[in-house]
Amino acid sequence: MAEAFRVAVTALRANRLRSLLTMLGVVIGVAAVVVLVAIGTGAKQEVEQQVNGLGANLVIVVPGRLEIGSAPTRSRLQLEDAEDLGRELGQPGRVAVTISSGETVRFGSRDVFATVSGTNPAVPEVFVRPLARGDYLRDSDVDTRRRVAVIGSGIAEALFDGADPLGRTLSVGGVRFRVIGVFERIGSSLGADRDDEVHIPVTAAQRLFGDVRIDAFALKAPSTDEIEQTRRAALAVLADRYPDEEFSAVTQDQVLGTVGRILGLLTTVLAAIAAISLLVGGVGVSNIMLVSVRERTREIGLRKAVGARTRDITLQFLLEAVLLTTVGGVIGIALGIGGSLGLAAVVDQLPAVVTWWSPALAFTVSAAVGIFFGVVPARRAGRLDPVVALRTE
Amino acid sequence: MTPALEAVDVTRSYVLEGVTVHALRGVSLTVEQGDYAAVVGPSGSGKSTLMHLLGGLDRPTSGVLRVGGRDVATLSQDELAQVRNATIGFVFQSFQLLGRTSAVDNVAMPLVYRGTRRAQRRARARAALERVGMGHRLDHRPAQLSGGEQQRVAIARALVGEPQVLLADEPTGNLDTRTGEEVMALLEQLNAEQGVAVVLVTHDLDVAARAARQIRVRDGRLEAA
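Residues numbered from 1 in each chain as written. Chains lettered and ligands numbered in written order. Predicted model: local features only at pLDDT ≥ 70, side-chain atom pairs only at ≥ 80, totals over all residues.

Here the focus is the overall build of chain A. A count of helices and strands for chain A gives 13 helices and 12 strands. Relative to the 2.2 N^0.38 estimate, which gives 21 Å for 393 residues, the radius of gyration of chain A is 32 Å and therefore markedly larger than a compact globule would have. Referenced to the eigenvectors of the C-alpha coordinate spread, the extents of chain A come out at roughly 105 × 50 × 30 Å. Burial analysis of chain A (393 residues in total) assigns 41% to the buried set. Relative to all contacts within chain A whose residues are 6 or more apart in sequence, the contacts with residues 24 or more apart total 82%. (Helix = DSSP H or I, 4+ residues; strand = E, 2+ residues; numbered from the N terminus. Rg over C-alpha atoms; globule rule 2.2 N^0.38 Å. Buried ≥ 20, exposed ≤ 12 C-beta atoms within 10 Å, placed from the backbone. Contact = placed C-beta atoms within 7 Å.)

Now the structure itself:
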């Protein structure tokens, strides 16, 4: 076995360029698998982090059936529903509401397009939304439709350029609002830039948008164990009030489950495509091993003449094929890990996380590819008739 | 003593492009231990086929062939390989050395298939190379050696397993007269001093004449010596 290994190494080194080129298919295949799995895993972790970063034990209530591909439903939810919901669930004043619209926000000669949300003071209790400066909206702001705004850090930078926005008056959709707070930088989440948000009292928003509806409620279950209970209770309350309407209450676990399934599927498909390249690499190995067997026919004849058994020769060529693919696999893993880390460092939106199992799997698969694609040439070598083999020129 | 090689009414025929060729038509022959015999005959006479049979590389179509006392008909391919390993040392016209391998590793190669440990393989290979006067060329590769030196390495490889018979197929065919003479002298010396039987296959009558016994092959049969 040790001798067969030595012979295989010698044979591969004898044709260095050819060995490298043959490995290339496996290298690319393995590297692609590692990188794509890393991106898939990274994306999943990123989404999890963002969803969990919204706050703990969230239940979000929206009108209509919430399914991927279903049409958006016109909301009939009212602000009073949130108050009732809070009361009936024993969390009065702790149901966050939101009604959102895109509006132009202007200060002086500068303007930006922002997501303007009408909300209530329950938001900081339900969501994790720390303020960098100032205060959040108060009940009195909602009750009196006061025209005050809490702005995202992105808005603050774009409009005020480093100056203190507190107390300044900006225009939201043509109506003047006074800035009372600035959110901490939070980054983007699920594709939306959350530093470009403006929160105003929900009552002021309803007047600004000319609408009395509420887009969604959000509440917080008292503990992780009570999420499902809270979810059902919220739905029951709403079903009672609107017997003909459908509502959905989703938890973070449900969102993560759905997103996780989609990303998992995507990762599998991408990895499968990469695996095809690994397979093609395997065919290349098979091909070059057949060439190697033909080139070394006389050597095989000689070895058999001096006493090599069929399995000695078969093992030697099989070992050579496996060595090709596993060395290729190791190079591919190194490239894949390097590529993943490089990608993660360079591209912000593309987090890549290398898991322990993907290189291990890639290595196992490349060894298996070597055995699978090496076995035909190796058996052919092993079965050569020494008389014929020795006569070959 | 058991004869090293024994053929009793051996025939060998094979089908070539639909035509049955009778390469050997009934050959009986014994090579005793310590013999020195030359197989001669024109090309196509069947002497290569006879050589392959005697070396245990091939099996007869009919008749009995014993290599090292073992009837090859009763042996599997792998068992036959082991009989070759233990009994026969091959010397080829074109040396058949492995190109990227040192002399000592070329010589040690047959011992790999006997399961000998590496250190011992190298020690025995070194001793075999010394016996053929190549002790100073252990780490040279074939390309760094002259033709005569390469054939000496090949003879060392044939000797390393302590075989009963050296089967030499045109051992001087690729050498000039002087180095050919040296190689023949070496084979004769090994025959005389170590008692290893030597069977030469050649069409060079001068070379054949040196052997103690000539075996003439014509049309697949032996002619009386």
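There is more to say, and it comes next.
As a further point, take the sheet that holds strand β2 (residues 19–31) of chain B. All names here are of chain B. Reading across the sheet, the 4 strands line up as β2-β1-β4-β5 and stay open at both edges, with antiparallel pairing between neighbours. Each edge of the sheet is formed by a strand with only one pairing partner; in this case those strands are β2 and β5 (70–71). As paired elements, strand β1 (residues 5–16) and strand β4 (residues 62–67) share 5 bridges and run antiparallel to each other. Of the residues in β4, the one forming a bridge with Leu5 is Val67. Docked against the sheet, helix α1 (residues 47–54) engages β1, β2 and β4, running at close to 125° with respect to β1. (Pairing = 2+ DSSP bridges. Axes fitted to C-alpha atoms, helices over the stretch in contact; angles between N-to-C directions.)

Segmentation of chain A into domains returns domain 1 (2–49 + 257–391) and domain 2 (74–80 + 94–217). On a C-alpha basis, the centres of domain 1 of chain A and domain 2 of chain A stand 56 Å from each other. (Domains from an automatic or database assignment.)

Turning our eyes to something else, we now look at the environment of A:Asn287. All names here are of chain A. Checked against the element boundaries, Asn287 lands in helix α9 (residues 252–295). Here Asn287 falls in the partly exposed class, since 13 other C-beta atoms lie within 10 Å of it. When the C-alpha positions of Asn287 and Leu315 are compared, they lie 17 Å apart, and in sequence the two are 28 residues distant.

This next bit is on α9(A). All names here are of chain A. The end-to-end C-alpha separation of α9 is 62 Å, in line with the 64 Å expected for 44 residues at 1.5 Å each. Along α9, the positions that sit buried rather than exposed are Leu263, Ala271, Ala274, Leu278, Gly281, Gly282, Gly284, Val285, Ile288, Met289, Ser292 and Val293. The secondary structure elements touched by the buried residues of α9 are α1 (2–14), α2 (16–53), α10 (297–305), α11 (310–346) and α12 (357–382). (Expected span 1.5 Å × (residues − 1).)

Right, let's get into the interface of chain B and chain A. At the junction of the two partners, chain B supplies 18 residues and chain A supplies 16 residues. Elements with a minimum of two residues in the side of chain B that touches chain A: α2 (77–87) and α3 (103–112) of chain B. Split by residue class, the side of chain B that touches chain A holds 8 nonpolar, 5 polar and 5 charged. (Nonpolar A, V, L, I, M, F, W, Y, C, P; charged D, E, K, R; others polar.)

What follows concerns the packing of α3(B) against helix α4 (residues 118–131) of chain B. All names here are of chain B. Look at α3 against α4: their axes get within 8 Å of each other, and the N-to-C directions meet at 120°. As summarised for this structure, α3 and α4 are arranged oblique, according to the angle between their axes. Classified by chirality, the crossing of α4 by α3 is right-handed. Where α3 abuts α4, its residues Ala103, Val104, Val107, Ala108, Leu111 and Val112 lie against Arg121, Arg122, Arg124, Ala125, Arg126, Ala128 and Leu129. Classifying every residue of the contact of α3 with α4 by side-chain character gives 9 nonpolar, no polar and 4 charged. (Parallel < 35°, antiparallel > 145°, perpendicular 65-115°, else oblique. Left-handed = near helix turned anticlockwise from the far one by under 90°.)

The next thing to look at is the pairing of strand β2 (residues 96–107) of chain A. Residues and elements named next belong to chain A. Note that β2 and strand β11 (residues 216–220) share 3 bridges and pair antiparallel. Across the sheet, residue Ala96 finds its bridge partner in β11, namely Ala218. Of the strand pairs in this sheet, β2 and strand β3 (residues 110–119) are connected by 9 bridges, and their pairing is antiparallel. What sits directly across from Ser101, in β3, is Val116. In textbook terms, the turn of a hairpin is the stretch between consecutive antiparallel strands, and for β2 and β3 this stretch comprises 2 residues, one of which, Gly108, has a positive phi near 60°.

All names here are of chain B. On the basis of which strands lie adjacent, the open sheet formed by 6 strands has the order β6-β7-β8-β3-β9-β10 and mixed pairing. The open sheet has two free edges, formed respectively by β6 (88–91) and β10 (221–223), since each of these has just one partner strand. Each neighbouring strand pair of the sheet contributes to a mean axis angle of 25°, computed without reference to strand direction. The sheet contact formed by strand β7 (residues 165–169) and strand β8 (residues 197–202) spans 5 bridges and is parallel. If you follow Val165 over to β8, its bridge partner there is Ala197. Taken strand by strand, helix α5 (residues 147–159) contacts β6 and β7, and its axis lies near 165° from that of β6.

Time to look at unusual backbone geometry. Peptide bonds are trans in most cases, and residues, glycine excluded, mostly fall at negative phi. One non-glycine residue, A:Asn57, adopts positive backbone phi at about 55°. Note that A:Asn57 resides in the loop between α2 and β1 (58–63). Judged by the 18 C-beta atoms lying within 10 Å of it, A:Asn57 is partly exposed. For B:Glu162, which is not glycine, the phi dihedral falls at a positive 50°. Positionally, B:Glu162 belongs in the loop between α5 and β7.

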